[in-house]
Amino acid sequence: MTDLKSMTQEEMTASLKALGEPAFRGKQIFTWLHRGATSFDEMSNLSKALREKLKGEYLLTPPRVARKQVSRLDGTIKYLWELSDGNCIESVLMQYHHGNTVCISSQVGCRMGCAFCASTVAGKVRDLTPAEMLDQVIFTQKDSGLPISNIVLMGIGEPMDNLNTVLRFLELVNHTDGLNIGMRHISLSTCGVIPGIDRLADLGLQLTLSVSLHAPDSETRSRIMPVNRAYDVEKLFDACHRYFQKTGRRISFEYAMIDGVNDQDWQADLLAKKIRGMPGHVNLIPLNDVVESPFKPSKRVAAFQKRLESHGITATVRRSLGGDIDASCGQLRRKAMEEQKKGVDAP
């Protein structure tokens, strides 16, 4: 059966026309699905006969809330979604003064192996479909009752490792008959997959590119990020400069502050030198403790920020949200997997 929700409105219309249905049905069904309909029976402006026909032709895969945790500190909501095949992914809803942002996953697990990240502990299971990415936004909004204005692709998985799906998702979420979330309200994060960065540059999308950098030198970065062995940091910065030259868009460099590893003054100096020539922004991230990781949070965040600013680099410290609910990427999924191994049923 065909995954209907992963189709564009034009594809949906063509598919329905092939079944003998008028073209306007495509827009009707597209709108229903993007409003959060979980079955064809909810589509009240369709005949019963058509609804039955759709059930025989198309597949809908709405997720189920396996767990939901709400922070008492700041209202951040962490969702563990169970997909139709039983796999689980995470989304996080964060509330800011400028609107509500949802952080979504692009894969079940991750194969990039970053040493400080919980998402990659069990490796990659599979890619998500466009519908499964879209559903994280739709059903987070529907369950929370809060309108989503911004999206960050920084959840479980490497978006550039599932780029065709990500591009389809962006097309769907941007559609005026759907959620209609503009590209300038979307951030895409990559650990440095250069072919994906170059492809995005050629497409000229007006989204924000975030590069999970975490070290400006190859020796340190290879130690904590295996992807650096395939896409060296020197070539990565070259790709970032190409991206800026083609798009004119400022890049955000994500930098998790790790005690004694990447938080020295010389590394701040080197980072500033490599960013020079493009309007980059450095987002310093106080490291979250991951049980499996030997790395600890840096005590030099403020000093590192000051050093970058002395070179004229814009650097901010990410506000920590959801600290009481395992809001960091992959933590809740990892906990659920551990409980499943021990035979503990998730609540």
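Read on for a plain summary of the structure. For clarity, every value in this text was computed on a predicted model and none was experimentally measured.

### Considering the overall build of the chain
Part 1 of the reasoning: If you tally the helices and strands in the chain, you get 12 helices and 14 strands.
Part 2 of the reasoning: A globule of 347 residues ought to have a C-alpha radius of gyration of about 20 Å, and the chain, at 21 Å, matches this closely.
Part 3 of the reasoning: Referenced to the eigenvectors of the C-alpha coordinate spread, the extents of the chain come out at roughly 70 × 50 × 40 Å.
Part 4 of the reasoning: For the chain, the proportion of its 347 residues judged to be buried stands at 55%.
Part 5 of the reasoning: Considering only contacts in the chain between residues 6 or more positions apart, those separated by 24 or more positions represent 67%.
Part 6 of the reasoning: Total accessible area computed for the chain in this model is approximately 15000 Å², and 50% of it derives from carbon and sulfur atoms.
Part 7 of the reasoning: Placing the 44 positive and 40 negative side-chain charges of the chain at their respective mean positions leaves the two points 2 Å apart.

### Focus on the sheet that holds strand 10 (residues 186–190)
Part 1 of the reasoning: The strand order across the open sheet built from 10 strands is 3-4-5-6-9-10-11-12-13-14, with neighbouring strands paired in mixed fashion. Of all strands in the sheet, those with a lone pairing partner are strand 3 (64–70) and strand 14 (314–317), marking the two edges. Averaged over neighbouring strand pairs, the angle between their axes works out to 20° when direction is ignored.
Part 2 of the reasoning: Sheet analysis places strand 4 (residues 77–82) next to strand 5 (residues 88–96), joined by six bridges and oriented antiparallel. Bridge pairing in strand 5 links Ile77 to Leu93.
Part 3 of the reasoning: Against the sheet, helix 4 (residues 130–144) engages strand 3, strand 4, strand 5, strand 6 (99–103) and strand 9 (150–153), with an angle of about 125° to strand 4.

### A few points about unusual backbone geometry
Part 1 of the reasoning: A positive phi is found at Asn180, a non-glycine position, where the angle reads about 55°.
Part 2 of the reasoning: Looking at where Asn180 falls in the secondary structure, it is placed in the loop between helix 5 (163–173) and strand 10.
Part 3 of the reasoning: Classification of Asn180 as partly exposed rests on a relative accessible area of 45%.
Part 4 of the reasoning: Positive phi is not limited to glycine here, since His214 has a value of about 70°.
Part 5 of the reasoning: Relative to the elements of secondary structure, His214 occurs in the loop between strand 11 (208–212) and helix 7 (218–224).

### A short note on the packing of helix 9 (residues 233–247) against helix 10 (residues 265–275)
Part 1 of the reasoning: It is at 10 Å that the axes of helix 9 and helix 10 come closest, and there the two elements cross at 40°. Between helix 9 and helix 10, the crossing angle belongs to the class labelled oblique. Residues Val233, Glu234, Phe237 and His241 of helix 9 form the contact with helix 10, whose own contacting residues are Leu271, Lys274 and Ile275.

### What about the side chain of Glu21?
Part 1 of the reasoning: Following the sequence through the fold, Glu21 ends up in the loop between helix 1 (9–18) and helix 2 (24–34).
Part 2 of the reasoning: In terms of polar contacts, Glu21 uses its side chain to reach the side chain of Lys53, at 2.8 Å.
Part 3 of the reasoning: Beyond its immediate chain neighbours, meaning those up to four positions away, Glu21 contacts Leu16, Leu50 and Lys53.

### Topic: helix 10
Part 1 of the reasoning: Along helix 10, the positions that sit buried rather than exposed are Gln267, Ala268, Leu271, Ala272, Lys274 and Ile275. Projected onto a plane normal to the axis of helix 10, the buried residues spread over an arc of 165° and lie on a single side.
Part 2 of the reasoning: As for helix 10, its buried residues are in contact with helix 7, helix 9, strand 12 (252–257), strand 13 (281–286) and helix 11 (301–310).
Part 3 of the reasoning: Directly after helix 10, the chain includes Gly277, whose backbone phi takes a positive value near 105°.

### What to know about the environment of Gln28
Part 1 of the reasoning: With respect to the element layout, Gln28 can be found in helix 2.
Part 2 of the reasoning: For Gln28, a relative accessible area of 18% corresponds to the buried category.
Part 3 of the reasoning: It is 32 Å that separates the C-alpha atoms of Gln28 and Met160, two residues lying 132 residues apart in sequence.
Part 4 of the reasoning: Setting aside residues up to four positions removed in sequence, Gln28 forms contacts with Asn45 and Leu46.
Part 5 of the reasoning: For Gln28, the side chain forms a polar contact with the side chain of Arg25, separated by 2.7 Å.

### Examining the nonpolar core
Part 1 of the reasoning: Counting 93 residues, the largest nonpolar core has Ile151, Phe169 and Leu308 as its most contacted members.
Part 2 of the reasoning: Per element, the largest residue contribution to this core is seven residues, and it comes from helix 5.

### Regarding the pairing of strand 13
Part 1 of the reasoning: Among the six residues that make up strand 13, five are buried, leaving the element largely enclosed by the rest of the structure.
Part 2 of the reasoning: For strand 12 and strand 13, the ladder comprises six bridges, and the chain directions are parallel. From the neighbouring strand, Glu254 faces strand 13, where its bridge partner is Asn283.
Part 3 of the reasoning: In this fold, strand 12 hands off to helix 10, which returns the chain to strand 13; that crossover is right-handed.
Part 4 of the reasoning: Examined bridge by bridge, strand 13 and strand 14 share four bridges and lie parallel to one another. Considered in strand 14, the bridge of Val282 is made with Ala315.

Parameters and conventions
- Residues numbered from 1 in each chain as written.
- Predicted model: local features only at pLDDT ≥ 70, side-chain atom pairs only at ≥ 80, totals over all residues.
- Heavy atoms only, no water.
- Helix = DSSP H or I, 4+ residues; strand = E, 2+ residues; numbered from the N terminus.
- Rg over C-alpha atoms; globule rule 2.2 N^0.38 Å.
- Buried < 20%, exposed > 50% of the residue type's maximum accessible area, 1.4 Å probe, protein only.
- Contact = heavy atoms within 4.5 Å.
- Areas by Shrake-Rupley, 256 points an atom, 1.4 Å probe, with all protein chains shown as cover.
- Lys, Arg positive; Asp, Glu negative; His and termini not counted.
- Charge placed at Lys NZ, Arg CZ, Asp CG, Glu CD.
- Pairing = 2+ DSSP bridges.
- Axes fitted to C-alpha atoms, helices over the stretch in contact; angles between N-to-C directions.
- Parallel < 35°, antiparallel > 145°, perpendicular 65-115°, else oblique.
- Polar contact = N/O pair within 3.5 Å; in protein donor to acceptor, adjacent residues only side chain to side chain.
- Arc of directions from axis to C-beta.
- Core = buried A, V, L, I, M, F, W, Y, C linked by side-chain atoms within 4.5 Å.
- Right-handed = clockwise from strand over helix to strand, strands pointing away.

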